[in-house]
Amino acid sequence: MPSDVGLNLCPECGAALDPGESCEERFHRCLALEYEDWTGYGAVHHLTVPAYMLQHPGRYSREGGLEARRLLAAFLSGKAPTTVRSQNRAHLDSGRRPWRMAGGEPVAPPAGATWSRTISDVRMDDPATYCAGVVEWARAVLADTAGWEN
């Protein structure tokens, strides 16, 4: 039986990380790549953020997390980020919506839930590899969160 001694596991999503690494640090590395190369790495920014948010929900409200899941589903269905943003502009306007993105009751995975892919599965070798990895990760997050809205 393998031992967990010496493993660096994320307390929120269970990702196996390199020694001294955290999911938050890895997420910030992803964001840096995306902003440095918006047409390459950044092509999947609209998937990176909600996938990470759903796997690390502690700082987000229940409604904020569920909205992130709805947006992720829309993006993965093939809708362009600009289309999704324009369709949801009024609904997501912080001055109009009755709920807050952060604070309050958090969205949380059901007890015993596990993630089939995490940010630690995303390779950052080059834009094509990275983008394919983020898409796979986002699809897995969407599948793993099926039933959260019930």
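This text goes with the structure placed above it.
A short tour of the structure in this document, coming up. Each chain has its residues counted from 1, running along the sequence as written. Reporting in this predicted model follows two pLDDT cut-offs: at least 70 for local features of residues, and 80 or more for side-chain atom pairs to be given and counted; totals over whole chains, interfaces and linings ignore these cut-offs and use all residues. The basis for every side-chain value is the complete set of heavy atoms in the structure, and neither hydrogens nor water enter the calculation.

**Brief notes about the overall build of the protein**
Working step 1: To qualify as a helix, a DSSP run of H or I must reach at least 4 residues; to qualify as a strand, a run of E must reach at least 2; elements of each kind are numbered from the N terminus. Each helix and strand in the protein was counted, giving five helices and two strands.
Working step 2: Ordering the α and β elements of the protein from the N terminus gives β-β-α-α-α-α-α.
Working step 3: To sort residues, take the accessible area from a 1.4 Å probe on protein chains only and compare it with the maximum for the residue type: under 20% means buried, over 50% means exposed, and anything in between is partly exposed. A total of 150 residues make up the protein; the buried ones form 40% of that total.
Working step 4: In this description, contact between two residues means that some pair of their heavy atoms is separated by no more than 4.5 Å. The contacts of the protein with a sequence gap of at least 6 include a subset with a gap of at least 24, amounting to 67%.

**Things to note about the pattern of salt bridges**
Pairing is possible between side chains of opposite charge, provided their charged atoms come close.
Working step 1: Whenever Lys or Arg places a side-chain nitrogen within 4 Å of a carboxyl oxygen from Asp or Glu, that contact is recorded as a salt bridge. According to the stated counting rule, one finds six salt bridges in the structure shown.
Working step 2: The closest approach of N and O atoms between Glu-136 and Arg-117, which form a salt bridge, is 3.3 Å. One end of the pair, Glu-136, is in helix H5 (residues 127-144); the other, Arg-117, is in the loop between helix H4 (81-92) and H5, with 19 residues separating them in the sequence.
Working step 3: The salt bridge partner of Asp-125 is Arg-123, with a shortest N-O separation of 2.1 Å.
Working step 4: Overall, Asp-125 belongs to the partly exposed group, its relative accessible area being 48%.
Working step 5: Counted as one network, the salt bridges with shared partners bring together Glu-21, Arg-26 and Arg-29.

**What about helix H1 (residues 23-36)?**
Working step 1: Given the number of residues in a helix, its expected span is that number minus one, multiplied by 1.5 Å. Taking 1.5 Å of rise per residue, the 14 residues of H1 would be expected to cover 20 Å, and the 20 Å separating its terminal C-alpha atoms lies within 8% of that figure.
Working step 2: Where H1 is concerned, the buried positions are Cys-23, Arg-26, Phe-27, Cys-30, Leu-31 and Glu-34. Looking down the long axis of H1, one finds its buried residues gathered within 140° of arc, a one-sided arrangement. For H1, the exposed residues set more than 90 degrees away from the buried face come down to Tyr-35 and Glu-36.
Working step 3: Where H1 is buried, its residues contact strand E2 (16-17), helix H2 (45-55) and H5. The arc under discussion is defined with respect to the helix axis, by the directions toward the C-beta atoms.

**Side note on the packing of aromatic side chains**
What characterises a pair of aromatic rings is the spacing of the ring centres plus the angle enclosed by the ring planes.
Working step 1: Aromatic contacts are taken between Phe, Tyr and Trp rings whose centres are within 6.5 Å, Trp giving its six-membered ring; a plane angle under 30 degrees counts as stacked, one over 60 as edge-to-face, and the others as tilted. Tallied over the entire structure, the rule returns three aromatic pairs.
Working step 2: The interplanar angle of 5° and the centroid separation of 4.0 Å between the aromatic rings of Phe-27 and Tyr-52 together place this pair among those described as stacked. In this pair, Phe-27 sits in helix H1 while Tyr-52 sits in helix H2, placing the two residues 25 residues apart along the sequence. The burial state of Phe-27 is the same as that of Tyr-52; both residues are buried.
Working step 3: With 5.4 Å between their ring centres and 10° between their planes, Tyr-35 and Trp-38 make a pair best called stacked.
Working step 4: Relative accessible area serves as the criterion here: at 55%, Tyr-35 is assigned to the exposed category.

**Some thoughts on the packing of H1 against H2**
The axes of two packed helices give the description: the angle between them and the distance between them.
Working step 1: Axis angles are defined between N-to-C directions and span 0 to 180 degrees, where every axis is a line fitted to C-alpha atoms and, for a helix, only to the segment in contact. Where H1 contacts H2, the axes come no closer than 11 Å and their chain directions differ by 165°. Taken as axis vectors, H1 and H2 run roughly antiparallel relative to one another. For the crossing formed where H1 meets H2, the hand is left-handed. Contacts from Cys-23, Glu-24, Phe-27, Cys-30, Leu-31, Glu-34 and Tyr-35 of H1 reach H2 at His-45, Thr-48, Val-49 and Tyr-52. Should an angle lie under 35 degrees it is considered roughly parallel, over 145 roughly antiparallel, and from 65 to 115 roughly perpendicular; all remaining angles are considered oblique. By convention, the crossing between two helices is left-handed when the near helix turns anticlockwise from the far helix through less than a right angle, and right-handed when the turn is clockwise.

**Points about the packing of H2 against H5**
Working step 1: Across the interface, H2 lies against H5 with an axial gap of 9 Å and an inter-helix angle of 40°. Compared by their axis directions, H2 and H5 come out oblique. Handedness of the H2/H5 crossing: left-handed. Along the contact surface, H2 presents Leu-47, Thr-48, Ala-51, Tyr-52, Leu-54 and Gln-55, while H5 presents Tyr-130, Val-134, Val-135, Trp-137, Ala-138 and Val-141.
Working step 2: Any residue that is not Ala, Val, Leu, Ile, Met, Phe, Trp, Tyr, Cys, Pro, Asp, Glu, Lys or Arg is counted as polar, Gly included; the first ten are nonpolar and the last four charged. Of the residues that constitute the contact of H2 with H5, the class distribution is ten nonpolar, two polar and no charged.

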